[in-house]
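What follows is the residue order along each chain.
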Amino acid sequence: MKNTLLGSLYLSLAASIWGGMYVVVKYVVDVVPPLELVWIRYVIAVIALLLIGIITRQSWRIEKRDILLIVMIGVIGNTISIVTQEIGTMLSTAQMGAIITGATPAFMVLFARIILKEKITFKKAFSVILATLGVGIIVGNAGIDPSLQLGGISLLVAALTWALMSVLIKRVPGHYSQIVVTFYAALVAVVLLTPVTISRLPDLDVSALMHPSIWGGLVYLGVISTACGFLLWNRGLQMLNASSGGLFFFFQPVVGTFLGWLLLGEQIGLSFWAGTALICMGVLLVIKEK
């Protein structure tokens, strides 16, 4: 039960951090295009994780049989999912970004069943239905422009790939430090994105990048959202099964929608609070099942 509560805390914090990320991305992406933004945040994250690993004297050795799995996590989750997420957020709204990727837990249940052979209990299925219904109530009254279809498709790809990555993380042996696993996965993203991004960096507006709100946003995305967020998420998933852990991802659309209203002027109403209540009920069911 202690592991369940601690894992729940880690996953809730990670999802809440990522909910706030949508608001930051929506602001920073006006100055730094999506690909460059993803590359910069991962470079910052890799440096932060490397320093943390050195200070805490982590072992950086990975067995040959596990290298492909970590590379797959880096390609699917850290690269494809994050790039499509940034593009989708740029082409839509912060609120829409948080809500569509909120479908991730449902995909995680499916992938966990296929890849990990996790049993789908009635309570687990009911909790996913409750939380998904909560997201549906929120988005159904969010006033989202239907013309933002390309952004929505990109966000859907982000949700699918993130769900797959989250299930693959459960295949990583538990004796590896999550700092090291997260570092290597982020490094894969940097390696893949550098050839595409490096020639575009000189086109960035340096004076705009020097504005405190922009570089502060980049630091948040690199250190808090990427390095800390991934560490919390990966560690939390190690403590819960993948399909149950995915339920905590629903805190992302709640926080993202709330901050979109608070900071960007995006509208919410009674439906937001009703949907949030259903999401919390679904999460509580998972905790009590343990």
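Preceding this section is the structure that the text describes.
Residues numbered from 1 in each chain as written. Predicted model: local features only at pLDDT ≥ 70, side-chain atom pairs only at ≥ 80, totals over all residues. Heavy atoms only, no water.

(A) The packing of aromatic side chains, seen in detail. If you walk through the whole model with that rule in mind, you get 8 aromatic pairs. Judged by centre distance (5.1 Å) and plane angle (70 degrees), the rings of Trp-162 and Phe-230 are edge-to-face. Residue Trp-162 is found in helix 7 (residues 149–169), and its partner Phe-230 is found in helix 10 (residues 212–239); the two are separated by 68 residues along the sequence. Each member of the pair, Trp-162 as well as Phe-230, carries the same accessibility label: buried. By way of ring pairs, the aromatic residues Trp-18, Tyr-42, Trp-162, Phe-230 and Trp-233 are connected into one cluster. (Phe/Tyr/Trp six-rings, centres within 6.5 Å; stacked < 30°, edge-to-face > 60°. Helix = DSSP H or I, 4+ residues; strand = E, 2+ residues; numbered from the N terminus. Buried < 20%, exposed > 50% of the residue type's maximum accessible area, 1.4 Å probe, protein only.)

(B) Highlighting the nonpolar core. The biggest cluster of nonpolar side chains holds 64 residues, and the ones touching the most others in it are Trp-18, Leu-37, Tyr-42, Ile-73, Trp-162 and Trp-233. Looking at this core, the elements with two or more residues in it are helix 1 (2–28), helix 2 (34–55), helix 3 (64–91), helix 5 (104–115), helix 7, helix 8 (178–197) and helix 10. The element that contributes the greatest number of residues to this core is helix 2, accounting for 10 residues. Ignoring anything within four residues of it in the chain, the contact list for Trp-162 reads Trp-18, Gly-77, Ser-81, Ile-82, Thr-104, Phe-230, Trp-233 and Phe-249. Leu-247, Phe-250, Val-254 and Phe-272 belong to the second-largest nonpolar core, a separate cluster that totals 7 residues. (Core = buried A, V, L, I, M, F, W, Y, C linked by side-chain atoms within 4.5 Å. Contact = heavy atoms within 4.5 Å.)

(C) Spatial organisation of the pattern of salt bridges. In total, this model carries 2 salt bridges according to the counting rule given. Glu-36 is paired through a salt bridge with Arg-200; the nearest N and O atoms lie 3.1 Å apart. Pair noted here: Glu-36 is in helix 2 and Arg-200 is in the loop between helix 8 and helix 9 (206–209), with a separation of 164 residues, a long-range link. Residue Arg-61 is joined to Glu-63 by a salt bridge in which the shortest nitrogen-to-oxygen separation is 2.6 Å. (Salt bridge = Lys/Arg side-chain N within 4 Å of Asp/Glu carboxyl O.)

(D) Region of the structure containing helix 5. Its 12 residues place the ends of helix 5 16 Å apart at the C-alpha level, agreeing with the 16 Å of an ideal helix rising 1.5 Å per residue. When helix 5 is considered as a whole, its buried residues turn out to be Thr-104, Pro-105, Met-108, Val-109, Phe-111 and Ala-112. With its phi angle positive at about 60 degrees, Lys-117 sits one or two positions after the end of helix 5. (Expected span 1.5 Å × (residues − 1).)

(E) Layout of unusual backbone geometry. Of note in this structure, Arg-57 is not a glycine but carries a positive phi near 55 degrees. Along the chain, the position of Arg-57 falls in the loop between helix 2 and helix 3.

(F) Spotlight on the side chain of Thr-84. In this fold, Thr-84 is placed in helix 3. Taking the relative accessible area as the measure of exposure, Thr-84 reaches 15% and is therefore buried. Here the side chain of Thr-84 touches Ile-80 through a polar contact of 2.8 Å, landing on its backbone oxygen. Ignoring anything within four residues of it in the chain, the contact list for Thr-84 reads Ser-154, Leu-155, Val-157 and Ala-158. (Polar contact = N/O pair within 3.5 Å; in protein donor to acceptor, adjacent residues only side chain to side chain.)

(G) Here's a closer look at the side chain of Thr-226. Mapping Thr-226 onto the fold places it in helix 10. The exposure class assigned to Thr-226 is buried, which follows from its relative accessible area of 2%. A distance of 2.8 Å separates a polar atom in the side chain of Thr-226 from a polar atom in the side chain of Arg-41. Each residue touching Thr-226, except ones within four places of it in the same chain, is listed here: Arg-41, Tyr-42, Ala-45 and Leu-221.

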